[in-house]
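Spelled out, the chains give:
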Amino acid sequence: MQLVTTAESILDRRLGQLAPDERAELDIDLSPREYVIDYLERAFPTRQMRVFTDDTGAERSVPMDDENGNPVYNPQALAARANLIEQLCALPPITSALDGLLNHFGHDYVAEITGRTKRLIQASDGRQKLETRSTRTSQAEAAAFMGGLKRILIFSDAGGTGRSYHASLDAVNQEQRAHLLLEPGWRADRAIQGLGRTHRTHQACTPLFRPVTTDCKGELRFTSTIARRLDTLGALTRGQRQTGGQNLFDPADNLESSYACAALTSWFHLLHLGKLKSTTLAEFEERTGLELTDKDGVLKDELPPIQRWLNRLLALPIGLQNRIFEEFLALVETRVQAAREAGRLDVGVETMLVDTATIIDDTILRTDPVSGATSHLLTIEVARRKTPVSLERILRIAESHPRHAFLRNAKSGLVALQVKARAHMEEKDGTPIPRIELMRPTRNDYMRLADLAETAWSPIDEEAFRALWAAEAEAAAAQVDTETIRLATGLLLPIWSALPSDHLVVNRIADQSGQSWLGRIVFDDHVVQLYTKLGLDRAENLPPGDIVKSALGGRSVELTQPFPMAIKRAVVNGLPRIELVGAPPAQLAYLKSLGCFTEIISYRTRVFVPVEGAADILSRLLRPEARAA
């Protein structure tokens, strides 16, 4: 765990306030209440304000002074501040995050490497004891964690410099690290440094990174800043965004992305139209001080930037913050999901971890005439085991969602846990679209709540769910999935325009033996189009199966042999077909003999290839002896 704490400064102040005879019996409250009290003393508004009208006729207010020039304070505000301070001082002590964790798990089980030189610990008789720490103490604590003597590690910026806490193959403790990022701050470089302490080479397993936030939606402002700066820093240092972000954050977590900026514009328009339920235009302008409309009530062309909007929201009451953020995040999620489904979502470099990867074909797409660098299309056979969610974990997830439901699919017999997902929102009228998430042993699915009734999912009791989930997870863990992937790799910039434009993700395929390949995945229905654009080979020389997949994918394939024609996808009576366009009428009998069929539609004879068996028919049509005929 990484955290920034002021526990030592509070302890020093408390010790300085004790008399010499009080140091023998320590009873120190390390609650940071004094910081809150000092803030209230300085920032609580108690000055009486005087309202006046300026030269433009607008009402303004200034602090009031008496006839001698002394400030005038409002007695009701003074009483309210005094009452609030009294209530805060009467609350029970609240420990810092660091001391709270140490007290909960015990000092014998937690290794602390924070750089502080003293701390309070609970002795066996329950009394407080002042413990002095040194550099050698931190070294011993780190060794205890890496040696498996202490299973929990707490480190801060001061305690993380120059050390490694990953699951090293040379260490006794090779358990997977669950790295909780608490109080990350605003420095992305420090966040990267802290995360890098538990994720390094020569490790038994990769860690799980978990940013920790409260249910106050305004706190997403800070997480968003870290997400944005991690991506930016990664792009500047090594030219790939995976270096910084490592896909730790979802694209919807970056509240300053292009999707978020566009969603904010939609939010402003919906607010102006009165379509939002969280707040009104007048209330929002009054509370935030942001002017969204001109003197005629028309929405301004230059609206506040998203950074200013986010900062102003932090000053709103938490309940109002949460309502506004829920609407805004629904708009962001809607745009991100639309971009993901369209294949336009730029998520940097995605790593695909597999058990084994074997190259079964390597085709050179292009050779640079100057440098000699080559572009390749690799056909890789990958095998990977599934890592299903255990029954214990899914039950813990169910407990954290009060409105969950256990479901079973009547058709497939599979089970799923239904939980509430973030709603989408119609950008025209601001209507929320409730969604649910179906958590399954090996994947998660999302759907609209209204569509659930049209599916085969139905509720079951928890006992049946337990048995079915355990059986499905056990079967999935023993299963090894094998698939063939085509990856365009090597010098990609000269052929970038020839690669599919509806799937822009850059992938890295890495297996357990250390092999890795970086490039863009080319799906089967894109292969023919890629070869055609590069002039690599004539379409009729390509595998018939690839031609069929390309045609069914909506990409027309032009042929010159055995006669000029095009193979493309057609829809007849709502069903997809493969059509031969431009086939000579004199060849109809020959095409029928190969297995094709004709149909007269709108007084025009059209030739179709049956979808089932299309590859065999095309192979006979394109074979050399057919061309000679």
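Heads up: these notes are all about the structure in this document. None of the values given here were measured: they were computed from a predicted structure.

Focus: helix α10 (residues 258-272)
Here α10 spans 21 Å end to end across 15 residues, near enough to the 21 Å set by a 1.5 Å rise per residue. Regarding α10, the residues found buried are A260, A263, L264, S266, W267, F268, L270 and L271.

Quick look at the packing of aromatic side chains
All told, the structure shown has nine aromatic pairs when counted by the stated rule. Between W267 and F268 the ring centres are 5.8 Å apart and the planes differ by 65°, which places this aromatic pair in the edge-to-face class. Taken as a pair, W267 and F268 share a single burial class, namely buried. Three or more aromatic residues joined by ring pairs form one cluster here, namely W267, F268, F284, W309, F325 and F328. The lysine or arginine in question, R577, covers the ring of F608, its NZ or CZ lying 4.8 Å from the ring centre.

Remarks on the pairing of strand β17 (residues 480-490)
Here strand β11 (residues 374-385) runs beside β17; their pairing, made up of 11 bridges, is antiparallel. Bridge assignment links L377 to a residue of β17, and that residue is A488. In the sheet, β17 pairs with strand β19 (residues 516-521) via three bridges, with the strands oriented antiparallel. Looking at the pairing, A488 lines up with R520 of β19.

Examining the sheet that holds strand β13 (residues 415-425)
Backbone-to-backbone hydrogen bonds join strands into a sheet, with any given pair of strands oriented parallel or antiparallel. Taken in spatial order, the five strands make up an open sheet running β15-β14-β13-β12-β16, and their pairing is antiparallel. Looking along the sheet, the strands with just one partner apiece sit at the ends: β15 (444-448) and β16 (457-459). Neighbour-to-neighbour, the strand axes of the sheet open up by a mean angle of 40°, direction not taken into account. Bridge count between strand β12 (residues 405-409) and β16: three bridges; the pairing is antiparallel. In the sheet register, R408 faces β16, and the bridge partner there is S458. Along the sheet, helix α14 (residues 391-400) contacts β12, β13 and β14 (432-439); its crossing angle with β13, the most-contacted strand, is approximately 45°.

What counts, and where the lines are drawn
- Residues numbered from 1 in each chain as written.
- Predicted model: local features only at pLDDT ≥ 70, side-chain atom pairs only at ≥ 80, totals over all residues.
- Heavy atoms only, no water.
- Helix = DSSP H or I, 4+ residues; strand = E, 2+ residues; numbered from the N terminus.
- Expected span 1.5 Å × (residues − 1).
- Buried < 20%, exposed > 50% of the residue type's maximum accessible area, 1.4 Å probe, protein only.
- Phe/Tyr/Trp six-rings, centres within 6.5 Å; stacked < 30°, edge-to-face > 60°.
- Lys NZ or Arg CZ within 6 Å of the ring centre and 35° of its normal.
- Pairing = 2+ DSSP bridges.
- Axes fitted to C-alpha atoms, helices over the stretch in contact; angles between N-to-C directions.
- Contact = heavy atoms within 4.5 Å.

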